[in-house]
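# Structural description and commentary
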Amino acid sequence: MTDTLHHFIGGQRVAGDTPSQSLNPSNIHDIVARMADGGQAQVDAAVAAARKAFPAWSDASPEVRSDLLDKVGTMIIARGAEIGRLLAREEGKTLAEGIGETVRAGRIFKYFAGEALRRHGQNLDSTRPGVEIQTYRQAVGVFALVTPWNFPIAIPAWKAAPALAFGNTVVIKPAGLTPATASALADIFAACDAPPGVFNMLFGRGAMGDALVKHPDVDGVSFTGSQAVGAQVGVAAMARQARVQLEMGGKNPLIILDDADLERAVAIALDGSYFATGQRCTASSRLIIQDGVHDRFVALLAEKVAALRVGNALDPDTQIGPAVSEDQMETSYRYIDIATGEGGRLVTGGQRLTLPTPGWYVQPTLITDTDPSMRINTGEVFGPVASTLRVKSYEEALEVANNTEFGLSAGIATTSLKHARHFQRHARAGMTMVNLATAGVDYHVPFGGSKGSSYGAREQGFAAVEFFTQTKTSYSWS
Ligand code: UN1
């Protein structure tokens with residue numbers, strides 16, 4: 001079945017041409033959806049609808065906002081198996097990963113249903129007698145949310161839910177590779193009787209996102225995607241003093257020290273580097289291993305990697321689905337070639353795969369004997385590919401881990417409290433993981449990185465209020 005997706009503007013589906021389509025990366029003969037495109041006129045209409053809805057939505061009782069988010073969350077979870085399957089079909093995650101992500105999106109809405117009711121202002125004594133001070137958190141206005149293909153429902157949820165909870169209205173432009181999954185969210189807002197214009201969705205390619213981000217009536221932009229696009233989004237937003245939040249790539253290290261619980265270390269490396277086909281900005285791509293345990297760790301991990309079942313995402317036995325697109329598949333193989341060309345040793349993987357259904361499959365790959373300057377250790381691969389680096393000490397491991405322009409997530413496998421504590425303080429990353437995979441985060445706590453990975457206020461959990469509200473300080477004397 002091929003869906004036809006139209007824009008969702010002011011509570012209505014707005015039809016237009018549907019020139020592009022999304023494909024099932026596990027079986028490229030399967031067209032998942034035909035997707036509308038558009039330009040300035042659709043962007044103007046969506047932003048105008050969001051602007052029109054803003055006064056009533058921001059003035060509404062927090063209970064009204066809480067109720068809508070709770071209803072949306074409940075409906076997403078109720079439809080978890082069906083939307084999760086659509087996600088797996090369109091993005092290439094396994095069924096379990098697709099359903100897991102969908103349920104997570106529902107939980108995000110339910111969390112922010114609670115946040116909408118929480119009081120975020122303060123009462124303070126003034127330094128002057130008889131004067132009182134209150135701070136309020138007020139809604140900002142219309143937010144543009146530009147979301148990536150790798151979490152096609154969770155990331156729209158984690159940007160839209162807080163924006164709406166605090167009284168803003170939104171226009172989402174989901175990634176062109178995964179529009180059908182995002183569109184399910186627009187259907188749910190319609191089914192939950194969301195006030196028209198509070199939640200709008202525009203389909204299309206990069207030019208559509210560009211027009212949205214540059215729209216003078218958009219007050220803030222939250223973006224997740226590549227560094228190159230993020231830089232343009234940042235400049236466009238700042239040019240008119242719109243607030244902006246950017247989540248970009250990662251080149252996340254996982255250190256394995258000699259004293260690590262080896263079985264645990266192998267399990268978290270396997271999860272962090274390969275699950276979700278390595279298509280997570282939090283994926284572990286550099287495994288930094290201490291001398292004493294290096295060979296044993298590599299042998300154990302290689303055995304597990306070689307045994308991973310790559311296949312059609314909709315087959316329940318599949319552990320690793322395909323890359324999302326031909327481009328992403330080719331990027332992985334290109335990085336593998338460069339790595340072996342520069343002297344890396346291919347321990348397992350790296351071969352092209354022909355499976356019963358034609359798709360963009362990548363064989364999970366482990367490359368050893370690399371050094372920090374190789375391309376495989378500097379660029380973001382975004383595929384099921386990891387490299388290993390051999391180090392002599394914890395100090396050297398930390399130095400190698402921090403030697404990157406990114407800084408999203410960083411992990412360490414160790415039983416030493418001393419090294420774990422030191423790492424938590426000195427890893428230059430927004431998130432640190434001790435004996436846990438670098439990927440796979442909770443939804444009720446801050447998310448974000450340092451250096452080239454992130455810009456602006458943190459996303460998620462109790463931190464989201466920073467970006468999606470503006471503080472007013474009120475003085476009174478009586
Ligand atoms: C996770 O690791 O659970 O685009 C989430 C990404 C991140 C989300 C990762 N923004 O991969």
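Structure: above.
Residues numbered from 1 in each chain as written. Predicted model: local features only at pLDDT ≥ 70, side-chain atom pairs only at ≥ 80, totals over all residues. Heavy atoms only, no water.

## Side note on the side chain of Asn-312
- Looking at where Asn-312 falls in the secondary structure, it is placed in the loop between α10 (291-307) and α11 (326-341).
- Once you skip the residues sitting within four places of it in the chain, Asn-312 turns out to touch Ser-26, Thr-318, Thr-357 and Tyr-361. (Helix = DSSP H or I, 4+ residues; strand = E, 2+ residues; numbered from the N terminus. Contact = heavy atoms within 4.5 Å.)

## Some points on the site of the ligand
- With respect to spatial proximity, 13 residues lie near the ligand, and among them Arg-104, Asn-150, Cys-281, Thr-282 and Gly-440 are the closest.
- Asn-150 is positioned with one of its side-chain polar atoms (N or O) 3.0 Å from an oxygen atom of the ligand.
- Within the backbone of Cys-281, an N or O atom sits 2.6 Å from an oxygen atom of the ligand.
- Relative to its unbound accessible surface of 320 Å², the ligand loses 98% to contact with the protein.
- Of the domains in this structure, domain 1 (3-248 + 445-477) and domain 2 (252-434) are the two that each give at least three residues to the shell around the ligand. (Near = heavy atom within 4 Å. Polar contact = N/O pair within 3.5 Å; in protein donor to acceptor, adjacent residues only side chain to side chain. Areas by Shrake-Rupley, 256 points an atom, 1.4 Å probe, with all protein chains shown as cover. Domains from an automatic or database assignment.)

## Description of the packing of aromatic side chains
- The final tally for this structure, using the stated rule, is 10 aromatic pairs.
- On the numbers, 4.8 Å between centres and 65° between planes, the contact of Phe-143 with Phe-468 is edge-to-face. On the criterion of sequence distance, the pair formed by Phe-143 in strand β8 (residues 142-146) and Phe-468 in helix α14 (residues 464-468) is long-range, its members being 325 residues apart.
- For Phe-143, a relative accessible area of 0% corresponds to the buried category.
- Judged by relative accessible area, which is 3%, Phe-468 ranks as buried.
- Here Trp-158 and Phe-447 contribute two aromatic rings whose centre-to-centre distance is 4.9 Å and whose plane-to-plane angle is 50°, an arrangement assigned as tilted. One end of the pair, Trp-158, is in helix α5 (residues 154-165); the other, Phe-447, is in the loop between β19 (431-434) and β20 (454-455), with 289 residues separating them in the sequence. For the residue pair Trp-158 and Phe-447, the accessibility class agrees, reading buried in each case.
- In textbook terms, an aromatic cluster arises when at least three aromatic residues are bridged by ring pairs, as seen for Phe-8, Phe-109, Phe-189 and Phe-199.
- Here Lys-93 stacks its cationic end above the ring of Phe-151, 3.7 Å away from the centre of that ring.
- In this arrangement the basic side chain of Arg-352 is found over the ring face of Tyr-333, its NZ or CZ atom lying 4.3 Å from the centre. (Phe/Tyr/Trp six-rings, centres within 6.5 Å; stacked < 30°, edge-to-face > 60°. Buried < 20%, exposed > 50% of the residue type's maximum accessible area, 1.4 Å probe, protein only. Lys NZ or Arg CZ within 6 Å of the ring centre and 35° of its normal.)

## Quick word on the side chain of Arg-89
- By the element assignment, Arg-89 lies in helix α3 (residues 80-91).
- Given the relative accessible area of 14%, Arg-89 is considered buried.
- Among the polar contacts listed, one links the side chain of Arg-89 to the side chain of Asp-30, at a separation of 2.8 Å.
- Beyond its immediate chain neighbours, meaning those up to four positions away, Arg-89 contacts Met-1, Leu-23, Asn-24, Pro-25, Asp-30, Ile-31, Val-32 and Leu-314.

## With respect to the packing of helix α2 (residues 62-78) against helix α6 (residues 179-191)
- Orientation of α2 relative to α6, taken along the N-to-C sense of each, is 125°, at an axis distance of 10 Å. Comparing their axes, α6 and α2 come out oblique. In the crossing of α2 with α6, the sense of the turn from one axis to the other is right-handed. Taking contact as the criterion, the partners of Leu-68, Val-72, Met-75 and Ile-76 in α2 are, on α6, Leu-185, Ile-188, Phe-189 and Ala-191.
- The residue inventory of the contact of α2 with α6, partitioned by class, reads eight nonpolar, no polar and no charged. (Axes fitted to C-alpha atoms, helices over the stretch in contact; angles between N-to-C directions. Parallel < 35°, antiparallel > 145°, perpendicular 65-115°, else oblique. Left-handed = near helix turned anticlockwise from the far one by under 90°. Nonpolar A, V, L, I, M, F, W, Y, C, P; charged D, E, K, R; others polar.)

## A look at the environment of Arg-296
- Following the sequence through the fold, Arg-296 ends up in helix α10.
- Given the relative accessible area of 55%, Arg-296 is considered exposed.
- Between the C-alpha atoms of Arg-296 and Val-170, which are 126 residues apart in sequence, the distance is 51 Å.

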